[in-house]
Amino acid sequence: MPTTLLRACLQRFIVLLLVLTAAARATAADALPETPGWYRTQIGRFTVTALWDGTLEMPVDKVFKQPGPARLKALLARAYLTPTMPLSVNAFVVDTGTRVVMIDTGAGTSRMFGDKLGKVQANLRAAGYTPEQIDEIYITHMHTDHVGGLTADGRALFPNATVRADVREAGYWLSRETMAAHPDDKEDFESAMAMLAPYVKSGRFRPFDGGSELIPGIRARPAWGHTPGHTVYEVQSDGEKLVLWGDLMHVAAVQLPVPAATVMFDAMPVQSAAIRAQIYREAARDGAWIAAAHIGFPGIGKVRSDGKGGYSWVPVSLVRGR
Ligand SMILES: [Zn+2]
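Described in the following lines is the structure provided in the data block. (Residues numbered from 1 in each chain as written. Predicted model: local features only at pLDDT ≥ 70, side-chain atom pairs only at ≥ 80, totals over all residues. Heavy atoms only, no water.)

### Structural notes on the packing of aromatic side chains
Short version of the rule: Paired rings are identified among Phe, Tyr and Trp, the last through its six-membered ring, by centres lying within 6.5 Å, and are further divided according to the angle between planes into stacked (under 30 degrees), edge-to-face (over 60) and tilted (the rest). Sitting over a ring, as applied to charges here, requires NZ of Lys or CZ of Arg to be within 6 Å of the ring centre and within 35 degrees of the ring normal.
Under the definition given, this model contains 7 aromatic pairs. Consider the rings of Tyr 172 and Trp 173, whose centres lie 4.9 Å apart with planes at 80 degrees: the pair is edge-to-face. An aromatic cluster is built from Tyr 138, Phe 208 and Tyr 233, whose rings are joined through pairwise contacts. The lysine or arginine in question, Lys 302, covers the ring of Trp 289, its NZ or CZ lying 4.4 Å from the ring centre.

### Describing the pattern of salt bridges
Convention followed: For this analysis, a salt bridge means a side-chain nitrogen from Lys or Arg found within 4 Å of a carboxyl oxygen belonging to Asp or Glu. We call a residue buried when its accessible area falls under 20% of the maximum for its residue type, exposed when it is over 50%, and partly exposed in between, using a 1.4 Å probe and counting protein chains only. Counting from the N terminus, the helices are DSSP H or I runs at least four residues long and the strands are E runs at least two residues long.
Summed over the entire model, instances satisfying the criterion amount to 11 salt bridges. Salt-bridge contacts for Asp 61 lead to Lys 62; the nearest nitrogen and oxygen are separated by 4.0 Å. Judged by relative accessible area, which is 40%, Asp 61 ranks as partly exposed. For Glu 190, the salt bridge goes to Lys 186, with nearest N and O atoms at 2.9 Å. Highlighted residues: Glu 190 and Lys 186, both in helix H8 (residues 186–201), separated by 4 residues, approximately one helical turn. When its relative accessible area of 39% is taken as the criterion, Glu 190 is described as partly exposed. Look at Lys 186 and you get partly exposed, because its relative accessible area is 41%.

### Some words on the sheet that holds strand E8 (residues 162–164)
Heads up, the condition is: Any two strands with at least two DSSP-identified bridges between them are counted as paired. The angle between two axes is taken between their N-to-C directions and runs from 0 to 180 degrees, where each axis is a line fitted to C-alpha atoms and a helix contributes only its stretch in contact.
Spatial ordering of the open sheet is given by E1-E2-E3-E4-E5-E8, a layout of 6 strands whose pairing is mixed. Each having just a single partner strand, strand E1 (38–43) and E8 make up the two edges of the open sheet. Across the sheet, the mean angle separating the axes of adjacent strands is 25 degrees when strand polarity is ignored. Examined bridge by bridge, strand E4 (residues 100–103) and strand E5 (residues 136–138) share 3 bridges and lie parallel to one another. Within E5, the position partnered with Met 102 by the bridge is Ile 137.

### A closer look at the coordination of the zinc ion
For a metal with four tetrahedral donors the ideal donor-metal-donor angle is 109.5 degrees, while six octahedral donors give ideal angles of 90 or 180 degrees. The line we're drawing: The donor set comprises N, O and S atoms within 2.8 Å of the metal, extended to 3.2 Å for Na, K and Ca; water molecules are omitted, so apparent gaps in a site may simply reflect that omission.
In the first shell of the zinc ion, the protein supplies Asp 145 (OD), His 146 (NE2), Asp 247 (OD), Asp 247 (OD) and His 294 (NE2), at 2.1 to 2.7 Å from the metal. Of note, the donors binding the zinc ion are all from one chain and are spaced D-H-x100-D-x46-H. Of this pair, Asp 145 sits in helix H5 (residues 144–147) while Asp 247 sits in the loop between strand E12 (240–246) and helix H9 (252–255); the two residues are 102 residues apart in sequence, bridging distant segments of the chain. Side by side, Asp 145 and Asp 247 carry an identical accessibility label, which is buried.

### Section: the pairing of strand E2 (residues 46–59)
When you tally the buried positions in E2, you get 11 out of 14 residues, the bulk of the element. Taken together, the 6 bridges between E1 and E2 define a ladder with antiparallel strand orientation. Residue pairing for E2: Arg 40 is matched across the bridge by Thr 49. In sequence, E1 turns back onto E2 through a hairpin of 2 residues, with Gly 44 there showing a positive phi of about 60 degrees. Pairing geometry for E2 and strand E3 (residues 84–95), over 12 bridges, is antiparallel. Bridge pairing in E3 places Trp 52 opposite Asn 90.

### Some thoughts on the side chain of His 146
Cut-off, in case you're wondering: Residue contacts are defined here by distance: any two heavy atoms, one from each residue, within 4.5 Å place the two residues in contact.
On the secondary structure map, His 146 appears in helix H5. Excluding anything up to four places from it in sequence, His 146 contacts Asp 104, Thr 105, Gly 106, Ile 139, Thr 140, His 141, Asp 247, Ala 293 and His 294.

### Topic: the nonpolar core
Formally: In plain words, nonpolar cores are sets of buried Ala, Val, Leu, Ile, Met, Phe, Trp, Tyr and Cys residues tied together by side-chain atoms within 4.5 Å.
In this structure, Ile 137, Met 142, Leu 150 and Phe 158 are the most contacted members of the largest nonpolar core, which totals 33 residues. Among the elements of the structure, E3, E4, helix H4 (120–126), helix H6 (167–173) and H8 are those that each provide at least two residues to this core. Per element, the largest residue contribution to this core is 6 residues, and it comes from H8. When near neighbours in sequence (up to four residues on either side) are disregarded, Phe 158 contacts Met 102, Thr 105, Gln 121, Leu 124, Pro 131, Ile 134, Ile 137, Gly 149, Leu 150, Tyr 199 and Arg 204. Grouped together as the second largest cluster of nonpolar side chains are 23 residues, Ile 43, Val 94, Ile 218 and Ala 291 included.

### A closer look at helix H3 (residues 69–78)
Worth spelling out the cut-off: Note that the arc is defined by the directions from the helix axis to the C-beta atoms.
Turning to H3, its buried residues number three or more, namely Leu 72, Leu 75 and Leu 76. Projected onto a plane normal to the axis of H3, the buried residues spread over an arc of 95 degrees and lie on a single side. Every exposed residue of H3 that faces more than 90 degrees away from the buried side is listed here: Ala 70, Lys 73, Ala 77 and Arg 78. Of the surrounding secondary structure, the elements contacted by the buried residues of H3 are helix H2 (60–63) and H9. Following H3 by one or two positions, Tyr 80 has its phi on the positive side, about 60 degrees.

See the structure below:
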């Protein structure tokens, strides 16, 4: 047999072997149940459950305006990340004992952010709740990876919930005039309108105006910048504090060490960077718990200051043992 022919045969045999091994591995993995996508902890007397919606592919090298390509590359490499990285999407349930409150809802059936999202409903049930038990839903902002889980096929997925968001957020995303003025974001506007529609129609959408106590122990705090009415929620119980950040930041590996780093989809970048720096500062000073929409699941932890304007993430498992 000529050498070239022998080499070709060998190559085919190796390829076949690799395919068979991959198939065997896929079959074994498919037979196992999926990793649980919920995590539970206590904040004072309140029970907090993180719900995993899945991941989206974030082209980090394309979405940041700062801190420049070389620094960005170094920050990513330091965190073992590649320029396109999987970004977790997390929603949360805060159970006060008298009210069950959900903060954001994931992307639902929308495919605007890829096909690896939409697991919140299944994970909510796996965590022991039914959608009917959710009394209130607090929305950080109306991008689809946060409101997409509210509604499917025009039907409210949380039939007993009242939905709340800042009046500025509602005024922006639910306005046909604003949509006409921002043709590039038409899909986002239409999605927000469709997701809120059944709640608006049934009188179960109640906007609030800036900083407000929504129920005892949970306050809305303005963090306008990422969107016109972006809000973080502060939960307090028995001396413990949890701040639900929404999209105050997107990529921990970049925006914790460099709070000024701003993503291209921040509507008001200067404001967004200023409020981010302020809220980081407070969180490090107070040692408050944080629940972030896009930090690796469960997205719960604390931040530590490096004393030079930068911060690092301390995941909940390192503080509480699990
Ligand atoms: Zn988001």
